[in-house]
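Remarks on the overall topology
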Amino acid sequence: MYELLRPLLFSGDPERIHDRVLAALESVGHFAPGRALLRALAGSSAARPVTTMGLNFPHPLGLAAGFDKDARAIPTVRAEFRLHRNRNRHAAASTR
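These numbers were taken from a predicted model, which means no experiment stands behind them. (Residues numbered from 1 in each chain as written. Predicted model: local features only at pLDDT ≥ 70, side-chain atom pairs only at ≥ 80, totals over all residues. Heavy atoms only, no water.)

Considering the packing of aromatic side chains
Quick note on the threshold: The aromatic pairing rule takes the rings of Phe, Tyr and Trp, using the six-membered ring of Trp, and pairs them if the centres are within 6.5 Å, calling planes under 30 degrees apart stacked, those over 60 edge-to-face and the rest tilted. A positively charged side chain is recorded as over a ring if its NZ (Lys) or CZ (Arg) lies within 6 Å of the ring centre. The angle to the ring normal must also be within 35 degrees.
According to the stated counting rule, one finds 0 aromatic pairs in the structure shown. R6 extends its terminal NZ or CZ atom over the ring of F10, reaching a point 4.3 Å from the ring centre.

Quick look at a nonpolar patch on the surface
Convention followed: Here the term patch refers to residues with relative accessible area over 30% and no salt bridge, with like charges joined within 9 Å and nonpolar side chains (Val, Leu, Ile, Met, Phe, Trp, Tyr) within 5 Å. All accessibility values rest on the Shrake-Rupley procedure with a 1.4 Å probe; residue burial counts only the protein chains present in the view. When a carboxyl oxygen of Asp or Glu lies within 4 Å of a side-chain nitrogen of Lys or Arg, that pair is called a salt bridge. Numbering of helices and strands runs from the N terminus; a helix is a DSSP stretch of H or I covering at least four residues, while a strand is a stretch of E covering at least two. Each residue's exposure class comes from its accessible area (1.4 Å probe, protein chains only) as a fraction of the maximum for that residue type: buried when under 20%, exposed when over 50%, partly exposed otherwise.
Where nonpolar side chains cluster on the molecular surface, the patch consists of Y2, L4, L5, L8, L9 and F10 and spans about 640 Å² of accessible area. In this structure, L8 sits in helix α1 (residues 2-9). L8 gets classed as exposed once you look at its relative accessible area, which sits at 55%.

A word on helix α2 (residues 14-28)
Quick reminder of the rule: Here a helix's expected span is defined as the number of its residues, less one, multiplied by 1.5 Å. The arc in question is formed by the directions pointing from the helix axis toward the C-beta atoms.
With 15 residues, α2 should reach 21 Å at 1.5 Å per residue; the first-to-last C-alpha distance of 21 Å fits that figure. Turning to α2, its buried residues number three or more, namely I17, L22 and L25. Buried residues in α2, looked at end-on, bunch into an arc of 130°, giving them a common side. α2 presents E15 and R16 as exposed residues on the side facing more than 90 degrees away from its buried surface.

Here's the deal with the pattern of salt bridges
Per the stated rule, a full pass over the model turns up 1 salt bridge. Where E26 meets R72, a salt bridge forms, and the shortest distance between an N and an O atom there is 3.3 Å. Of the two residues, E26 is situated in helix α2 and R72 in the loop between β2 (55-57) and α4 (74-94); the sequence distance between them amounts to 46 residues. Judged by relative accessible area, E26 falls into the partly exposed class, the value being 30%. The class for R72 is partly exposed, based on a relative accessible area of 25%.

So, in structure tokens, the structure goes:
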């Protein structure tokens, strides 16, 4: 998905693109169908751990400090993290 969006994300003023991305996340996060669409587009990241600079991360998502300094997209991001955390807990419990 990122490969498809990258040209658009890097085609204009960074602050303007940042504001648009946050506005989109804020809007989509308020509606269950929008969150479901984001999950479908993002796919499952639970099976894609990343190791970089000697650090292991359970998924490829990384956000810079201050990305959402006004907490506009918190409902969307929180819902996604909760979903992945719960999936990981269920998967771990089923392997015990």
